[in-house]
Amino acid sequence: MNTLHTLNALLKHIKETFIGKNEIVDLLGICLLARENAFLLGPPGTAKSAIVRALSNGIEDGKNFEYLLTRFTEPNEIFGPFDIRKLKDGELVTNTEAMMPEASMVFLDEIFNANSAILNSLLMALNEKIFRRGKETKKLPALMFVGASNLLPEDEALNALLDRFLLRVKCDYVDPDLLNEVLLAGWKLENKTAETTPTIKADEVRELQAATRKVDLASIRKEYVDLIHSLRNAGINVSDRRAVKIQNLIAASAFICGRDTAILSDLWVLKYIWDTEEQVEVLEGIVNHVIEKDTSEKAHPQAVYNKVPDAEEVMKEVKYLSEKWNDSTLSFEEQNIIKDKLRYVQTRCDWIKNQEQKKYIQEEIEQLWQKMLKTFA
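Values in this document were obtained by computation on a predicted structure and should not be read as measured data.

**As for the overall build of the protein chain**
Looking only at helices and strands, the protein chain features 15 helices and seven strands. Scaling as 2.2 N^0.38, a compact globule of 377 residues should have a C-alpha radius of gyration of about 21 Å, and the protein chain matches this with 23 Å. Out of the 377 residues belonging to the protein chain, those deemed buried represent 48%. Partitioning the contacts of the protein chain with sequence separation of at least 6, the portion at a separation of at least 24 is 77%. Surface summary for the protein chain: the accessible area is close to 19,400 Å², and the carbon and sulfur share equals 50%.

**Details of the packing of helix α9 (residues 202–212) against helix α11 (residues 240–256)**
α11 packs onto α9 with a crossing angle of 110 degrees between their chain directions and a minimal axis gap of 9 Å. Taken together, the axes of α9 and α11 lie roughly perpendicular to each other. Contacts between α9 and α11 involve L208, A211 and T212 from the first element and N248, A251, A252 and F255 from the second.

**Notes on the packing of aromatic side chains**
Scanning all chains against the criterion turns up five aromatic pairs. Judged by centre distance (5.3 Å) and plane angle (55 degrees), the rings of F39 and F112 are tilted. Of the two residues, F39 is situated in strand β1 (residues 38–41) and F112 in the loop between β3 (105–109) and α6 (116–128); the sequence distance between them amounts to 73 residues. Each of the two residues, F39 as well as F112, counts as buried. Every member of this aromatic cluster is reached through a ring pair, and the members are F39, F112 and F165.

**A few points about the sheet that holds β3**
With respect to topology, five strands assemble into an open sheet ordered β2-β3-β6-β1-β7, the strand pairing being parallel. In the strand order of this sheet, the two ends are held by β2 (64–68) and β7 (167–170), each with one partner. Averaged over all pairs of adjacent strands, the angle between their axes in this sheet comes to 15 degrees, without regard to strand direction. In the sheet, β2 pairs with β3 via five bridges, with the strands oriented parallel. Paired with F65 across the two strands is V106, which belongs to β3. Sitting on the sheet, helix α2 (residues 22–34) touches β1, β3, β6 (144–149) and β7, and the angle it makes with β7 is about 165 degrees.

**Some remarks on the nonpolar core**
Ranked by internal contacts, the top residues of the largest apolar core, which has 101 residues, are M100, L161, I250, L267 and L270. When near neighbours in sequence (up to four residues on either side) are disregarded, L267 contacts I220, E223, Y224, L227, I250, V287, V290 and I291. Counting 17 residues, the second-largest nonpolar core is a separate cluster that includes V314, V318, W325 and I352.

**A closer look at the pattern of salt bridges**
If you walk through the whole model with that rule in mind, you get 17 salt bridges. A salt bridge links E16 to K12, with the nearest nitrogen and oxygen atoms 2.7 Å apart. With E16 and K12 both in helix α1 (residues 2–17), this residue pair falls four residues apart, about one helical turn. Two residues, E36 and K245, come together in a salt bridge whose shortest N-O distance is 3.3 Å. Remark: K245 occurs in helix α11 and E36 occurs in the loop between α2 and β1; sequence separation between them is 209 residues.

**Thoughts on the layout of surface pockets**
The calculated volume of the second largest pocket comes to roughly 390 Å³. Contributing to the lining of the second largest pocket are 19 residues, with F18, K21, G45, A47 and V182 lying nearest its centre. Of all the elements, helix α8 (residues 179–190) adds the most residues to the lining of the second largest pocket, at six residues.

Reading the values: rules and limits
Residues numbered from 1 in each chain as written. Predicted model: local features only at pLDDT ≥ 70, side-chain atom pairs only at ≥ 80, totals over all residues. Heavy atoms only, no water. Helix = DSSP H or I, 4+ residues; strand = E, 2+ residues; numbered from the N terminus. Rg over C-alpha atoms; globule rule 2.2 N^0.38 Å. Buried < 20%, exposed > 50% of the residue type's maximum accessible area, 1.4 Å probe, protein only. Contact = heavy atoms within 4.5 Å. Areas by Shrake-Rupley, 256 points an atom, 1.4 Å probe, with all protein chains shown as cover. Axes fitted to C-alpha atoms, helices over the stretch in contact; angles between N-to-C directions. Parallel < 35°, antiparallel > 145°, perpendicular 65-115°, else oblique. Phe/Tyr/Trp six-rings, centres within 6.5 Å; stacked < 30°, edge-to-face > 60°. Pairing = 2+ DSSP bridges. Core = buried A, V, L, I, M, F, W, Y, C linked by side-chain atoms within 4.5 Å. Salt bridge = Lys/Arg side-chain N within 4 Å of Asp/Glu carboxyl O. 1 Å grid on protein atoms, 1.4 Å probe; cavity = no way out; pocket = protein on both sides within 12 Å on 5 of 7 lines; lining within 4 Å. Points joined across faces, edges and corners; volume = space filled by probe spheres on them.

Okay, here's the thing in structure tokens:
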């Protein structure tokens, strides 16, 4: 567990350097232990690149690869050029030195600029940790991949790329109340006066990744299965493949807290499997409703940090569901999905602090329930 202490020390240092970014740093730590990929969504200037760079620099003897993709990025820029000497002998061999196939930590910024020339190789690298080019096949040593973008993809082909990032995190500007601390930490960083960064070796991370796979999930398996069914009923796509891989995140949540057995609150990681920004609040409502039953003191800090819902967003969701219900072509299954979503929106409404807003939204929800009852009368 000494190496786990070292990793937690590194994550703590990054959180102290990037004020107000605890959620993002903790989730990157979870993905690193689980050896799963993370995607950061947010506008420029929200420290996406800097946080990933700080984590990469904390891997002592690892090789890092970072690249800003454009629509014109060529395979050579990511995977490396063909070896000219061997090309003369008629062999197509890639010189991967200092390129992505040799990296321990990989960060691809503006990931959805990926073009068709690199897409297939990239999808295989992200999904199977394998580099394949022509007859070449090479296992990748990557501990994790991180992708980032200002926007979600609209192209269907690029949705496949998003699907390869198991965990998705919104990276916004910090709370205005924390601005003074942000400026102070940023000034230290700019002037290189920050304290010495804790480091961990790449092989030590691999040992931790192997140990994470030994976490016992039996005690929460039933609740996990029920939660997956609830998410699917609410219209959130969780394929069997993703459901299997999410178990790695649950195990990592337990392991990073020093536990070898998962508890109910470790299901908090499922709040970050959204496909669209509209699903963020719905997921929070569903998952928080499950994990709030866990009273363990050994829960991950992020599991007990429930965000207060935005009243305007909740009202927007109620209006959206109301408009959807008015569609006369809805199937019985689609009607059930809307009702399930409304139940979870209702749960979120209970956490709104402003009593006036809360009462107004509750009345709107009740009216929608009455409308639904009349439909079946």
